[in-house]
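Report on the structure
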Amino acid sequence: MHTFAYARPATLAEAVALLEAHGPAARLLAGGTDLVIRLRDGTARPAVVIDVKQIAELRPAIHEDGGRLVISAGTVMTDVASDERVRRSFPALAEAAAVVGSVQIRNRATLAGNVCNASPAADTAPSLLVYDAAVVAEGPDGTRRIPVDDFFVRSGVTTLARGEIVTAIELPLPARKMGAVHMRRTRRRGHDLASVTLCCGVDEVEVTRLAYGSVGPRPVLMIDESGVLADPAATDEAKAPIFERMFADASPSPRSMRASPEYRLAMLRVLGARALRTAIDRLAQG
Amino acid sequence: MSEMIQTVLIELTVNGRRRALDVAVNHTLLDVLRDDLELTGTKECCLVGECGACTVSLDGRIVDSCLVLAVEADRAQVTTVEGLAVDGHVSPLQQAFLDKGAVQCGFCIPGQLVAAHALLAENPHPTVPEIQEGLAGNLCRCGCYQQITEAVLATAEEAAR
Amino acid sequence: MRTDRIGGSPNRVGGIGRVTGSQQYVADIRLQDVLEVKLVTLDCARARIISIDTSVAEQVPGVRLVMTAADLPQPVPRFGPQLSDRPVIAVGEMKYHGEPVAAVAAETKDAAEEAARLVKVEYEELPAIFSVAAALDPEAVLVQDPALRAGDPRATTNVFREHRFGWGDVAAASADLVIENVYTFPMVTHFAIEPHGFMAAPDGDGIACWSSIQHPYLLQKMLAKILGLPLARVRVFAPDPGGGFGGKQNPKLEPLVAFMALRTGRPVRLILTLEETFQAVRRTSAEVRVRTGFRSDGTLAFQDIAADYLAGAYVDIADRVVSKGSYPACGPYRVPDARIVARSILSHTPPSTAFRGFGNPQVNWAVESNLDEGALALGIDRLEIRLRNLARPGEDFIPGDTPADGDWGQTVRRAAELIRWGSPLPEGRGRGIAVGIKSGPTTGLSYSTVRLLADGSVLVYAGTSDMGQGARTVYAQIAAEELGAPLAWVTVVMGDTFSVPYDQQTSASRSTVLMGNAVLRACRAIQDQVRTMAARLYGSDESAIVVERGVVRLPDREHAILEVLKPGLGPLGGELIGNGEMRKDPEPDHPLGGRPAFFEFNCTAIEAEVDRETGDVVLVRHVTVSDVGRALNPLQVTMQDEGAAIQGLGHTLMEHYTFDERGRIRNLGAIDYRIPTSMDLPLEMQSAIVENADGPGPYGSKGMSEGALLCVAPAVAAAVRDATGVAIRDLPLTPERVWRALRDRSTS
């Protein structure tokens with residue numbers, strides 16, 4: 001591993017100042033489950049590594065604030081997956097967090113880190129999109145709330161500005177009842193990177209939100225307000241055109257070795273239909 | 001303070017013993033355990049957090065020590081396989097690994113044991129799927145998974161008596 | 001019965017070190033003043049090396065040596081177990097992705113890595129061959145310099161060797177039904193959790209070398225030859241490998257570290273990364289064409305098998321894998337006429353080597369799958385067709401070879417019973433059954449020394465490598481049994497060619513049979529001395545005294561050996577020393593150089609459920625039954641069987657190298673090369689054994705560490721076929737491949 005300068009700011013202001021000063025030469029270190037691999041294989045060669053884990057404002061915490069559940073940037077997947085409020089209000093996020101890597105990985109990897117890497121295959125991204133989550137960023141110009149859907153650009157690229165640091169992920173507590181589920185395809189049952197990752201949520205006013213990843217440069221959110229998908233009595237023929245519109249933006253890379261585009265697109269449809277059924281069932285079960 | 005530094009004096013407690021040492025910022029906890037502290041029970045294999053051979057407990061939670069910079073372990077409590085025996089006697093889980101035939105070549109076993117200890121600490125009565133899920137981050141190429149699961153189950157049952 | 005004797009399952013000898021972390025593998029050994037080595041490789045599959053500039057790398061603080069081919073004796077020494085074709089380091093041309101072109105030795109790992117990055121290699125990337133078809137193209141470049149095979153007419157092709165086996169006359173054979181198909185077997189790697197480690201240090205006027213190697217004595221011999229040293233100046237330490245599976249049989253980078261140690265006058269150490277192990281060892285992939293002739297009653301009329309195995313850029317042991325693996329390709333069946341043509345083909349890929357099963361799983365996959373095709377076409381039950389054709393005990397099923405050495409039908413019937421063959425299954429599920437045989441060692445030479453110390457404790461010297469199979473435990477059990485010592489009083493010494501007598505190798509599931517017999521004979525030599533002692537002490541005639549299993553039987557009384565030993569040794573104490581030799585001499589007229597000491601025989605039966613929408617295969621039940629002759633340690637037998645079965649699930653369901661269009665391996669490392677985890681097991685796995693004490697090993701044992709891997713793939717594919725009606729002839733059976741097959745069937 002090449003050497004670098006290591007900084008361990010204690011306050012958010014310090015971290016922002018460091019980020020502003022070093023720009024792209026700096027990398028933030030949260031859980032390290034992605035960054036340390038890149039430091040070792042040389043695909044990341046930052047001059048400065050800024051460890052954010054001592055920043056008071058980022059310390060692991062999940063709390064409610066003004067109708068939102070706020071998950072601090074230092075919160076790891078294990079705690080997201082096991083948190084009672086997450087499981088109750090955002091079960092698909094808990095499901096997604098619970099399948100990110102192994103126990104060892106989930107004990108280090110943060111939800112914010114998963115979002116900031118902006119991997120198209122990020123397992124938590126679809127559920128965050130379905131739940132209308134926002135990224136809270138602190139920067140030289142103050143605090144911004146960026147809807148997750150406006151945050152992802154492509155793998156490794158987000159709409160964060162220079163000097164901005166993500167402090168939390170916020171999820172609006174649902175005003176309406178919703179049934180939701182996270183599903184994925186992998187090459188084995190043990191932990192693996194997803195070749196399709198998908199979340200479907202159906203709410204009590206028959207709006208269906210479907211988000212998916214690993215089939216294009218960034219995760220995608222699609223919304224059906226026609227009520228057709230949410231209707232348990234709707235026929236497959238009625239649903240098909242809606243699904244097709246929803247999946248029209250999927251464009252899996254032919255370069256991937258994990259699955260062919262053909263298979264991914266087929267599985268997107270299989271998972272979409274299965275997830276919809278489960279979401280409807282869960283809504284019905286309350 | 002946040003000055004730029006390339007070696008850092010860290011203090012950590014490893015298997016109950018306090019250690020203070022200078023570590024390079026680009027060295028991992030695994031490097032420091034094996035090379036500086038000469039605790040070679042923790043093994044090095046994939047270096048990408050996939051195999052679990054380097055599993056240690058960090059402040060009560062298992063991690064892949066190949067993905068933790070040593071400096072991140074400053075002020076932490078670390079338990080490695082060398083810290084599992086009690087008063088010079090192997091733990092019931094270590095003994096169960098031997099009794100149930102969970103050990104072939106043994107190279108993955110330190111990681112398996114640290115992970116299994118943590119699993120039982122958190123969930124004293126795990127089911128087979130819970131054990132399999134909990135230990136999925138520890139690869140065993142000899143294929144002792146069944147016997148490892150049996151050893152964890154047997155230890156849990158014995159503790160419940 | 002005491003659990004530490006033969007037939008018991010005591011805790012693994014050496015187990016405590018493995019559960020406490022004190023077991024020292026190569027990478028755990030600290031040598032004073034050791035230099036760390038890092039390899040320099042190029043990111044391509046094949047290249048002409050134009051120049052190597054080491055000047056910048058040498059300026060990195062702490063760097064002591066940057067070695068290239070130019071720093072070695074000229075011509076650069078070459079070595080290899082079959083042909084001396086592998087250079088110590090790449091010379092002129094780099095022939096596979098990952099072949100080292102230079103190596104740095106430095107005071108620290110950081111310095112070595114930094115300097116390795118700064119070695120400037122000017123090179124021209126050349127087109128690479130990484131498939132059978134490309135290698136056989138008449139226009140194909142030659143992987144190997146023909147000069148290395150002077151006098152070999154095939155030296156001007158990429159076919160290293162072609163083996164022709166068989167009997168009868170396939171061309172003239174008639175059949176009621178002929179089925180012909182091509183099956184492919186993927187390129188997979190050993191993925192031992194311990195990456196290979198090598199160290200070397202000057203040792204007086206000789207050299208010491210540490211390696212996680214299965215064949216330390218072969219390494220000793222090879223280093224002696226390459227360095228021009230007598231054997232007695234080459235000391236090899238072989239700490240227990242952290243998993244071998246064949247991948248650690250033969251020397252790889254030991255000569256390089258030895259030259260670096262001699263050049264620097266310092267100990268040097270090279271621990272590979274997992275990625276580098278992928279580029280060091282792999283299984284030989286294969287394309288197998290099978291034409292099987294059947295009579296209408298399901299009996300086999302002929303087998304016509306053509307197997308092309310893709311070896312790497314250097315032969316290593318790959319051609320032996322091909323010949324030994326394909327020789328019993330017809331399986332454990334009576335086949336009136338057989339023709340087997342097997343070729344080892346060179347390519348610009350990492351040298352393929354031994355891997356558990358040794359060439360058999362590749363042909364077994366094809367032949368067993370094709371047998372199912374015949375059964376289905378003839379409307380004969382797939383279990384029945386196997387039972388009908390199985391060789392009976394003692395039958396000369398491969399003419400001129402070792403006759404069938406077990407009641408194989410018993411094994412198959414047991415597997416069928418455990419899988420509940422023939423009972424109804426829910427929709428979406430299917431069953432498959434397959435059998436596999438593998439020839440045991442064809443030659444062998446093992447020596448053991450056993451020392452019975454004055455207090456009755458025992459030292460056993462055995463040059464086997466205990467890489468997890470449990471050889472140490474079995475030898476300790478044999479000595480405990482024969483000399484009457486508690487297991488805790490037996491120490492087995494291994495892993496040092498200066499203190500432990502010669503053993504040919506640790507391979508082919510030989511160690512219980514060959515070294516086990518050597519240990520047994522060494523114990524018997526001690527028993528002879530005890531008998532002489534007893535005759536002297538008790539004034540009895542030697543011929544009237546029997547010493548066996550720890551007991552001295554005189555006409556009028558019995559003593560434990562220890563009770564005779566103490567007075568027998570007298571006041572000065574001392575010890576009794578026994579030597580044992582087990583030899584299996586070559587038979588030059590046999591196609592393999594010798595008949596196998598035994599066959600490993602296994603039957604695997606699978607119940608699987610297939611998700612038709614996703615292609616997921618869930619193994620509901622996996623049954624594996626092996627004929628082991630006699631289980632000296634039943635728990636270890638179970639561990640070997642189930643471990644081999646799980647390893648077999650890897651190449652069956654998920655493992656394979658992926659190449660880019662230039663021949664680089666894309667899925668190097670653990671993220672994109674998937675092996676089974678604890679969550680990928682069958683929902684239920686059951687192993688059983690057949691014991692008829694009909695093996696050549698101690699107490700009737702046979703070797704058994706590979707059997708349960710042999711026929712996993714055809715059994716699983718057969719279950720998938722039974723569940724879906726779709727035959728898949730390429731491995732692994734990934735969800736995508738199964739999905740594709742189901743889709744292609746429904747659209748065709």
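Residues numbered from 1 in each chain as written. Chains lettered and ligands numbered in written order. Predicted model: local features only at pLDDT ≥ 70, side-chain atom pairs only at ≥ 80, totals over all residues. Heavy atoms only, no water.

On to the domain arrangement of chain B. Residues and elements named next belong to chain B. Each assigned domain of chain B is listed here: domain 1 (7-83) and domain 2 (92-160). Its C-alpha centre places domain 1 at a distance of 22 Å from the equivalent point of domain 2. Counting residues at the interface gives 14 residues for domain 1 and 11 residues for domain 2. Both sides of the domain 1 and domain 2 interface together cover about 950 Å² of buried area, and 68% of this is carbon and sulfur. (Domains from an automatic or database assignment. Contact = heavy atoms within 4.5 Å. Buried area = accessible area lost by both parts, 1.4 Å probe.)

Time to look at the interface of chain C and chain B. Contact with chain C, which involves 51 residues of that partner, is made by 44 residues of chain B. Between chain C and chain B the total buried area reaches about 4100 Å² when both faces are included, carbon and sulfur atoms providing 57% of it. Looking only at chain C, the three residues that lose the most surface to chain B are C:V19, C:I193 and C:S678, adding up to 17% of its buried area. Viewed at the interface, chain B and chain C are joined by 6 salt bridges. (Salt bridge = Lys/Arg side-chain N within 4 Å of Asp/Glu carboxyl O.)

With that settled, consider the environment of C:S687. All names here are of chain C. Relative to the assigned elements, S687 resides in strand β28 (residues 685-690). Through-space distance from the C-alpha of S687 to that of T624 is 4.8 Å; in sequence the pair is 63 residues apart. When residues no more than four places from it in sequence are discounted, the contact partners of S687 are T624, T638, D641 and E642. (Helix = DSSP H or I, 4+ residues; strand = E, 2+ residues; numbered from the N terminus.)

What follows covers the nonpolar core. Ranked by size, the top nonpolar core spans 167 residues in total, and within it A:L93 and B:F97 carry the most contacts. No other element matches the 7 residues that helix α3 (residues 109-122) of chain B contributes to this core. Excluding anything up to four places from it in sequence, B:F97 contacts B:A102, B:V103, B:I109, B:Q112, B:L113, B:I148, B:A151, B:V152 and C:V19. The next biggest cluster of nonpolar side chains, apart from the first, holds 81 residues, and it includes C:I305, C:Y327, C:I380 and C:I419. (Core = buried A, V, L, I, M, F, W, Y, C linked by side-chain atoms within 4.5 Å. Buried < 20%, exposed > 50% of the residue type's maximum accessible area, 1.4 Å probe, protein only.)

Here A:T33 shows up in the loop between β2 (26-29) and α2 (35-41). Here the alpha-carbon distance between A:T33 and A:K239, two residues 206 residues apart in the chain, equals 40 Å. Those residues within four positions of A:T33 in sequence are excluded, and the remaining contacts are A:I105, A:R108, A:A109 and B:L67.

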